[in-house]
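Chain by chain, the residues:
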Amino acid sequence: MTSQGQSLNSTLDDNCQVNFRGTLLTIDSYLGDQDVERLKFLCRDSIASKNLEKCGSALDIFDYLMAEERLSEEDPSFLAELLYIIKQRVLLRHLRYTKEQVEHWLPGRRKVSLFRNLLYELSEDISSENLKSMIFLLRESIPKVQMEVSWQDEHAQRNGDRATPVSVEMLGASVDTLTSETSTKETAVYRMDRKHRGLCVVVNNHSFTSLSERPGTNKDAECLKRVFQWLGFSVHIYVNVTKGHLEEVLQQFQTHPGHADGDCFVFCVLTHGKFGAVYSSDGELIPIRQIMSHFTAQQCPALAHKPKLFFIQACQGEEIQPSVSIEADAVNPEHVPPSLQDSVPVEADFLLGLATVPGYVSFRHMEEGSWYIQSLYNHLKDLVPRQEDILSILTAVNDDVSRQADKRGKKKQMPQPAFTLRKKVVFPVPQEELLL
């Protein structure tokens, strides 16, 4: 691109940013002091307390939200949610939203926690006198500094007004203190509130040029497609992928523009394999680490600080003679004992879920699919609605698969995850049930 073209794009970007800030300035002009206090209360889980204390206007709050990438011209939904909650719904039109639109997407894209929302709703109906009574009852549990009733509350009491969120800020702080464990858990979760959940790639190798076919793998691929689409991912399936084609797929998704607005990335491989590597459909052995390395922060900046989940259905070691309806996804097995962690990039935010521990086979039913993928499918379906995080789900998968056996009860399998995740991966609960 010429320098003139680059300058034009830069000017357009600057103009868009100025226009958006103009919109925020307009919204700020309609908000009073009580609205600002309400916003500060609702943003306590999104903006550090020391920064909220500095906020004297809605514009200050907007600046911190933009700095935290919680508010932008491309995605003003958080501000729309805030305006909806504080009943400034007429201002939604400045963000090009209607009340009905917000009500439609709010259950699945909520950014203000249900707990915070509940406290706010309580604050709307609580009087200063009732607030004092509650503080008296909780006196032994609430730090002394939080028991001081602010002058705003005294003023409200003298005038017979109900307490504003300024007073309930104190109540909220008190309850936060009592539930600090819960609050800590909530904050240590990866963001799942961007425009898109993310991309999911499934490499499904059924037929090979020199290796045996993998009957039952199409059932696995279909289950992965269904469950990750249900979770909000855009799923892309590639069948019988050669080494050259796999490299093209990796390059395509390494630079995919969809990562910028996505929360997460998922990459699944269904194929033959052995320790630390998987087979392409043309019989080439490809290290798992090589696949994952395309998505490090250096190679794929758009996925930096976002969870990257890899699920591999393939043997990782010694082949075992299968029974009639059970096959092992192993080829030319050999014992190689190094740690599974060697396959995971050193940097943060990666998870590698392997169907089996190093040195052992993984089993696949020739009609019903593999033990591991079918268990992963079922547990995602059952446990995501309970808001379980991905590691808890994989622990349940481990337990389930370890209890399975062939018809003679002699062949066992134990999956194994390795990860460098810094926070919990908790998928938002889909609005619709995933039917069998």
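Everything here concerns the structure above.
Source: prediction; values computed, not measured.

**Things to note about the overall build of the chain**
Each helix and strand counted, the chain has 16 helices and 12 strands in total. Across the 436 residues that make up the chain, the buried fraction comes to 49%. Long-range contacts, defined here as pairs at least 24 residues apart, represent 76% of the contacts in the chain between residues at least 6 apart. Surface summary for the chain: the accessible area is close to 21200 Å², and the carbon and sulfur share equals 50%.

**A short note on helix H2 (residues 33-42)**
With seven of 10 residues buried, H2 lies mostly within the body of the structure. Looking only at H2, the buried set comprises Asp35, Val36, Arg38, Leu39, Lys40, Phe41 and Leu42.

**Some words on the pattern of salt bridges**
Enumeration over the complete set of coordinates arrives at 13 salt bridges. Of the charged contacts in the structure, one is a salt bridge between Arg21 and Asp63, with a shortest N-O distance of 3.1 Å. Here Arg21, found in helix H1 (residues 3-29), pairs with Asp63, found in helix H4 (residues 58-67); they are 42 residues apart in sequence, far enough to count as distant. Judged by its relative accessible area of 41%, Arg21 falls in the partly exposed class. Between Arg197 and Asp263 there is a salt bridge, with its nearest N and O atoms 2.6 Å apart. One end of the pair, Arg197, is in strand S1 (residues 196-204); the other, Asp263, is in strand S3 (residues 262-270), with 66 residues separating them in the sequence. Exposure remark for Asp263: the relative accessible area of 0% places this residue in the buried category. What emerges from the salt-bridge pattern is a single network uniting Arg70, Arg191 and Asp193.

**Overview of helix H12 (residues 217-230)**
For H12, built from 14 residues, the straight-helix expectation of 20 Å at 1.5 Å per residue is met to within 8% by its first-to-last C-alpha distance of 20 Å. Of all the residues in H12, the buried ones are Thr217, Asp220, Ala221, Cys223, Leu224, Val227, Phe228 and Trp230. Residue Gly232 follows H12 closely and has a positive phi angle near 105°.

What counts, and at which threshold
Residues numbered from 1 in each chain as written. Predicted model: local features only at pLDDT ≥ 70, side-chain atom pairs only at ≥ 80, totals over all residues. Heavy atoms only, no water. Helix = DSSP H or I, 4+ residues; strand = E, 2+ residues; numbered from the N terminus. Buried < 20%, exposed > 50% of the residue type's maximum accessible area, 1.4 Å probe, protein only. Contact = heavy atoms within 4.5 Å. Areas by Shrake-Rupley, 256 points an atom, 1.4 Å probe, with all protein chains shown as cover. Salt bridge = Lys/Arg side-chain N within 4 Å of Asp/Glu carboxyl O. Expected span 1.5 Å × (residues − 1).

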